Amino acid sequence: MNWKERFIRTVSYPLYEKSRGLTIRSKLHALEAGRNRTPSEIQDLQLRKLRSLITDCGARTPYYREMLERNGLTADSFQSLADLSRLPVLTKSLLRENREVISQPGLFPRTYCHQSSGSTGDPKVLCADTEAESFRMAALFRSRRWWGWDIGSPVLEIWGTYHLQRSLMRNIRMSWIENRFRFSAMRLTDASAAETWKLFRKHRGAYVRGYVSSILGIARLFEESGRHPAELGFRAVCTTSERLYDDQRRFLESAFRCPVIDEYGASEVGIIAFQCPSGGMHLMEENLIAEFADLPQAGPDGPKRLILTELNNRATPLLRYEIGDLVRPDPEPCACGSALSRIRVDIGRDSEMVRLPDGSQVSPVLFCHMGQYSFFEIGRKIRQYRIIQKRLDLFEVEVVCRTEDQADVESYFRKAFEEDFDGLVRLNVRFRDSIPPDASGKHRMFISEIPTGGSESG
Ligand SMILES: [Zn+2]
């Protein structure tokens, strides 16, 4: 540990927590003290938290108060976790339509807002109170510590977008509290390889975190220009936001010669599952109850719809929230000894790169950001959107608007495409009444109609 890591861990991070009213380190300590809990002890903890959450929701959240009353339910109605099924599932569209009576940030002196359009093209912003934020961060650090990655450890983030928000306060926080450096891997070219390599060498020994597609793009760029990513001495590579295929994992492991860790989270609930050193994707069950609902067309052994109840957040309580991803429960005990249940997140996220006429590639996550960063202006007018690549140089945006104000929405997308693609592509904008889900039941935000010329494997 160098002096900066030590300074962050012992001075700046504790001060940051105190100034924000966060209790991340004490919750981290409690999580680690409970590492030997049995499955039934975890379930007891979940039931206790659930009953307390139901009591608070009935008292303070208009949406749930009305729903509990309508169904004649109180906290006492929940005698086991199975009783959760007495509540209806909260779909994304229900959440969208009832956001004002579900989200109650005004009840709290401080909240943490997380914006996302997700990968499904429906922009949203949801708030966590300080308790929930502390629990989320504590669970994340608990899991990272399985890999020796602690508060203050250096992190090099590789995202696939130009839109890296910058402000002085944000830069100070990233550098001196989180020890985090961000790099945009959008539009990688051979010419930028040398410069990028020099920059990355400054972050030797960091933990790398980012989109699968962006990290793959960087690794390939280095290898093709005769540089060996292993020389960067990264401690681990952590992939997030997109599905990590086995062949991609093997490629990254051999390129960087370090562990490749998969992380699964969502802006609505924070970290959901994290991979342990034995390869298990463990659910953060101290924070969440996970249910697995059948997918009618998939059969009993097929993928399940993941339904989550976040146990700590009173600012935006999500009870039985259908997150929109398909997963498979993995009932075998894990070799690491943890009693936290495991899942396989093998469906629902995709990492096909978007190819452009000049041969460069960008991550489809860019299209999520088009919704995310515009949320406060244009995002309000958009109910849903989907982007289809028709040819290398032709895209089509399908938009369902909330308002009649279509001209604004159209010019927003035209400007975003012009800026992000330097005029390399043309765009058609089509307004629709609805966008039906695809065959898997998911609203995919990006669809490529270009035949794939080869696999992503290395
Ligand atoms: Zn494990």
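Residues numbered from 1 in each chain as written. Predicted model: local features only at pLDDT ≥ 70, side-chain atom pairs only at ≥ 80, totals over all residues.

> Help me understand the overall build of the protein, please; the structure alone is not making it clear to me.
A tally of helices and strands in the protein yields 13 helices and 19 strands. Put simply, the protein has 458 residues, and 39% of those count as buried. Contacts in the protein between residues far apart in sequence, at least 24 positions, make up 69% of those at least 6 positions apart. (Helix = DSSP H or I, 4+ residues; strand = E, 2+ residues; numbered from the N terminus. Buried ≥ 20, exposed ≤ 12 C-beta atoms within 10 Å, placed from the backbone. Contact = placed C-beta atoms within 7 Å.)

> Before we go on, may I ask you to explain unusual backbone geometry in this structure?
Both trends apply: most residues other than glycine have a negative phi, and most peptide bonds are in trans. The backbone of Asn179 sits at a positive phi, close to 50 degrees, despite the residue not being glycine. The buried category is assigned to Asn179, around which 23 C-beta atoms lie within 10 Å. Positive phi outside glycine occurs at Arg257, with the angle close to 45 degrees. Its place among the elements puts Arg257 in the loop between helix 11 (246-256) and strand 7 (260-266).

> Got a minute to help me understand the packing of helix 2 (residues 24-33) against helix 7 (residues 130-145) in this structure?
How two helices sit against one another is set out by the angle between their axes and by the gap between those axes. For the pair helix 2 and helix 7, the least separation of the axes is 8 Å and the interaxial angle reads 55 degrees. For the element pair helix 2 / helix 7, the angle class is oblique. For the element pair helix 2 and helix 7, the recorded crossing hand is right-handed. Mapping the contact onto sequence places Ile24, Lys27, Leu28, Leu31 and Glu32 in helix 2 and Ser134, Phe135, Met137, Ala138, Ala139, Phe141 and Arg142 in helix 7. (Axes fitted to C-alpha atoms, helices over the stretch in contact; angles between N-to-C directions. Parallel < 35°, antiparallel > 145°, perpendicular 65-115°, else oblique. Left-handed = near helix turned anticlockwise from the far one by under 90°.)

> Is there a simple way to think about the nonpolar core in this case?
Note on soluble globular proteins: their nonpolar side chains tend to be buried together. In this structure, Ala138, Ile272, Ala273, Leu283, Met284, Leu288 and Leu308 are the most contacted members of the largest nonpolar core, which totals 51 residues. Excluding anything up to four places from it in sequence, Ala273 contacts Tyr264, Met281, His282, Leu283, Met284, Ile343 and Val345. Counting 27 residues, the second largest nonpolar core, distinct from the first, contains Val212, Phe222, Leu252 and Val260. (Core = buried A, V, L, I, M, F, W, Y, C linked by C-beta atoms within 7 Å.)

> In this structure, what is going on with the packing of helix 10 (residues 212-224) against helix 11? I would like to understand it.
Close contact between helix 10 and helix 11 brings their axes to 11 Å; oriented N to C, the two are set at 45 degrees. With respect to each other, helix 10 and helix 11 are oriented oblique. Two packed elements cross with a definite hand, and for helix 10 against helix 11 that hand is left-handed. Residues Val212, Ile215, Leu216, Ala219 and Glu223 of helix 10 lie in contact with helix 11, whose contacting residues are Gln248, Leu252, Ala255 and Phe256. Residue classes in the contact of helix 10 with helix 11 are distributed as 7 nonpolar, 1 polar and 1 charged. (Nonpolar A, V, L, I, M, F, W, Y, C, P; charged D, E, K, R; others polar.)

> Even after reading the chapter, I still don't get helix 1 (residues 3-20), so can you show me in this structure?
Each α-helix turn comprises 3.6 residues. Residues three or four places apart therefore point the same way. The terminal C-alpha atoms of helix 1 lie 24 Å apart, and with 18 residues this matches the ideal 26 Å at 1.5 Å per residue to within 8%. Within helix 1, burial applies to Ile8, Ser12 and Tyr13. Lining the buried residues of helix 1 we find helix 8 (168-176). Gly21 sits one or two positions beyond helix 1 and adopts a positive phi of about 70 degrees. (Expected span 1.5 Å × (residues − 1).)

> Can you help me understand the environment of Arg201 in this one?
For Arg201, the location among the structural elements is in helix 9 (residues 193-201). Its 12 C-beta neighbours within 10 Å are what place Arg201 among the exposed residues. Along the sequence, Arg201 and Leu232 sit 31 residues apart, while their C-alpha atoms lie 5.9 Å from each other.

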